[in-house]
2 protein chains.
Amino acid sequence: MNKEALFSIPLPTIRRFPAYLRLLKDFENAGESWVSATRLAEDLRLKPIQVRKDMSCTGVEGKPKVGFEVHELIMAIEHHLGWDNATDAILIGAGNLGNALVGYKGFANYGLRIVAILDNDKKKIGTTVYGVTVQSMEHLEETVVRLGVNIAVLTVPAEVAQEVAEMVVAAGIKGIWNFVPKNLTLPEDIIVQRTDLATSFAELSSRIKKSIEEKSRTKRSLQN
Amino acid sequence: MNKEALFSIPLPTIRRFPAYLRLLKDFENAGESWVSATRLAEDLRLKPIQVRKDMSCTGVEGKPKVGFEVHELIMAIEHHLGWDNATDAILIGAGNLGNALVGYKGFANYGLRIVAILDNDKKKIGTTVYGVTVQSMEHLEETVVRLGVNIAVLTVPAEVAQEVAEMVVAAGIKGIWNFVPKNLTLPEDIIVQRTDLATSFAELSSRIKKSIEEKSRTKRSLQN
DNA sequence: TGATTATCAATAAATATTTATCGTTTACTG
DNA sequence: CAGTAAACGATAAATATTTATTGATAATCA
Ligand SMILES: NC(=O)c1ccc[n+]([C@@H]2O[C@H](COP(=O)([O-])OP(=O)(O)OC[C@H]3O[C@@H](n4cnc5c(N)ncnc54)[C@H](O)[C@@H]3O)[C@@H](O)[C@H]2O)c1
Ligand SMILES: NC(=O)c1ccc[n+]([C@@H]2O[C@H](COP(=O)([O-])OP(=O)(O)OC[C@H]3O[C@@H](n4cnc5c(N)ncnc54)[C@H](O)[C@@H]3O)[C@@H](O)[C@H]2O)c1
């Protein structure tokens, strides 16, 4: 029996995978074929033990004294994320964010390829964004079927997000990467992943607030 | 003694705060003055108990049968995040992503205001992005000092990120919101918050992979 | 060749987070 | 105005995640 199927990888580990992957690819490009958990931990500011635990989820075994084989780890992580064969996606909403995402080279590393762009603004339809032509929303279902796409990236205004989400689901989309700061109500079997910049900014804000408070506490205690 | 200072709010709670905030503001705009944890949980697909625990971190007390006062919660959450008085920031790198961020109206809700944009591309310097003029990097330190800014948003190419980060730190910046998929090595006291789209996409990918595997498992077991 | 050391795997302990239980409060209903 | 049900807070239990401990292994060097 396959070891992988027996347990599911902790979410925090999944979330760290992309950072490992990037670093590992850097090492590979630099011609390194082995890397230790200690080394990875140093670069990512994690503890070696945690890196080892994460790596154990990939099924790759390390070698004492030298660590893990770089290429093997890359393959294993990509496989676990399903990034080993490219995933096609459509993008809805060719606005500021949408265009930036379409132009983002980095997606290639995640096996993500935006193969179609749709918008409902007549001025945008027919224009091309980084080589991809913006299509009318009327072509939605046809495009999804023709390209056999399962994933949609949503970058439309919040007011229409629910409506548009329902349209893409009706067209056959199974997973939505939602950049709109709004919770979508969709059938159970549709996978919705929200990316919320505010989440990250909230972390930054609270860390800054804490640091300011600590500083003023230290100052006060020095005065005593 | 202040209750808040005694314990630090769990990071997962901090991360949920922005979503609560948005929903609460929707309720406020709709003229609702009370909301129950049950209601919030329903809309955000959380469990009521978790919402109550999160709310308890804000210090706001609810009332049996009716819930929490909407406005009081908003104020409390904003206060805990430090979003109650606007934070100014500069943005470095007026490229695709940088411009999208500058134009993003949503930041106003987080108390974030981008008050200056800097770039090293002569073609971009002097142009305006959503009313803000792009300045040369030579003005970095002067701008930071003049505007009294503590936070920088980093949207430059990965190759120069470390170098640029060191420059903004030298100019007096204390916190960096880093959109570049690269770990920065900076002094201990500098707060660096990375926003990594790949993290979110990894989650989506792994959920899709799991769902596909489950489906094929079900199919197989039906065949038996 | 044998000692040394960096590193790994497995297991255990500690910590953090989520979820459940229980008794209490308050608005609403009849 | 008593009974009922929805919702709260506090505390406890369960679960998830991180960190520590221990013993084993393989490269390196005297
Ligand atoms: N700009 C940012 O940096 C940023 C950051 C985080 C989140 N977001 C979110 O991303 C979304 C888009 O932001 P933006 O700044 O790109 O806005 P935008 O207005 O530039 O782009 C929205 C696009 O959606 C299109 N659109 C509108 N209604 C549509 C419909 N019914 N069907 C198809 N297309 C439609 C518009 O024509 C436009 O091209 C918003 O929900 C915003 O909150 C933006
Ligand atoms: N485009 C996206 O959707 C996206 C998504 C996630 C992350 N990112 C990351 O954000 C960063 C920017 O991406 P982008 O697509 O906007 O790239 P871009 O090339 O459009 O923009 C980069 C900007 O930085 C400026 N720049 C270059 N060197 C500089 C320097 N030394 N000092 C100051 N400014 C300098 C350039 O002139 C340019 O305006 C990249 O690191 C990218 O990986 C982009």
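As the structure is a computational prediction, the values presented were derived from the model and not from experiment.

Looking at the element boundaries, B:Pro187 is found in the loop between strand E8 (175-178) and strand E9 (191-194). Through-space distance from the C-alpha of B:Pro187 to that of B:Lys174 is 9.9 Å; in sequence the pair is 13 residues apart.

The assigned domain composition of chain A is domain 1 (3-81) and domain 2 (87-199). If you average the C-alpha positions of domain 1 of chain A and of domain 2 of chain A, the two centres end up 31 Å apart.

This part covers the protein's contact with DNA strand C. The full set close to DNA strand C counts 22 residues, and A:Ala37, A:Arg52, A:Gly62, B:Ile49 and B:Pro64 are the nearest of them. In the model, a phosphate oxygen of DNA strand C is placed 2.9 Å from a nitrogen or oxygen of the A:Ala37 main chain. Here a base oxygen of DNA strand C and a side-chain polar atom of B:Lys53 are 3.4 Å apart. The element best represented in the surface near DNA strand C is helix H4 (residues 48-58) of chain B, accounting for three residues. Per-class residue counts for the surface near DNA strand C are seven nonpolar, five polar and ten charged.

What follows covers the packing of H4(B) against helix H5 (residues 70-81) of chain B. Residue and element names in this part refer to chain B. Contact geometry of H4 with H5 gives a least axis separation of 9 Å together with a crossing angle of 70°. As the angle between them shows, H4 and H5 are arranged roughly perpendicular. The two elements H4 and H5 cross, and the hand of that crossing is left-handed. In contact with Met-55, Cys-57 and Thr-58 of H4, H5 contributes Leu-73, Ala-76, Ile-77 and His-80. Considering only residue class, the contact of H4 with H5 consists of five nonpolar, two polar and no charged.

On to the side chain of B:His80, then. Relative to the helices and strands, B:His80 is located in helix H5. In terms of polar contacts, B:His80 uses its side chain to reach the backbone carbonyl oxygen of B:Thr58, at 3.3 Å.

Definitions and cut-offs
Residues numbered from 1 in each chain as written. Chains lettered and ligands numbered in written order. Predicted model: local features only at pLDDT ≥ 70, side-chain atom pairs only at ≥ 80, totals over all residues. Heavy atoms only, no water. Helix = DSSP H or I, 4+ residues; strand = E, 2+ residues; numbered from the N terminus. Domains from an automatic or database assignment. Near = heavy atom within 4 Å. Polar contact = N/O pair within 3.5 Å; in protein donor to acceptor, adjacent residues only side chain to side chain. Nonpolar A, V, L, I, M, F, W, Y, C, P; charged D, E, K, R; others polar. Axes fitted to C-alpha atoms, helices over the stretch in contact; angles between N-to-C directions. Parallel < 35°, antiparallel > 145°, perpendicular 65-115°, else oblique. Left-handed = near helix turned anticlockwise from the far one by under 90°. Contact = heavy atoms within 4.5 Å.

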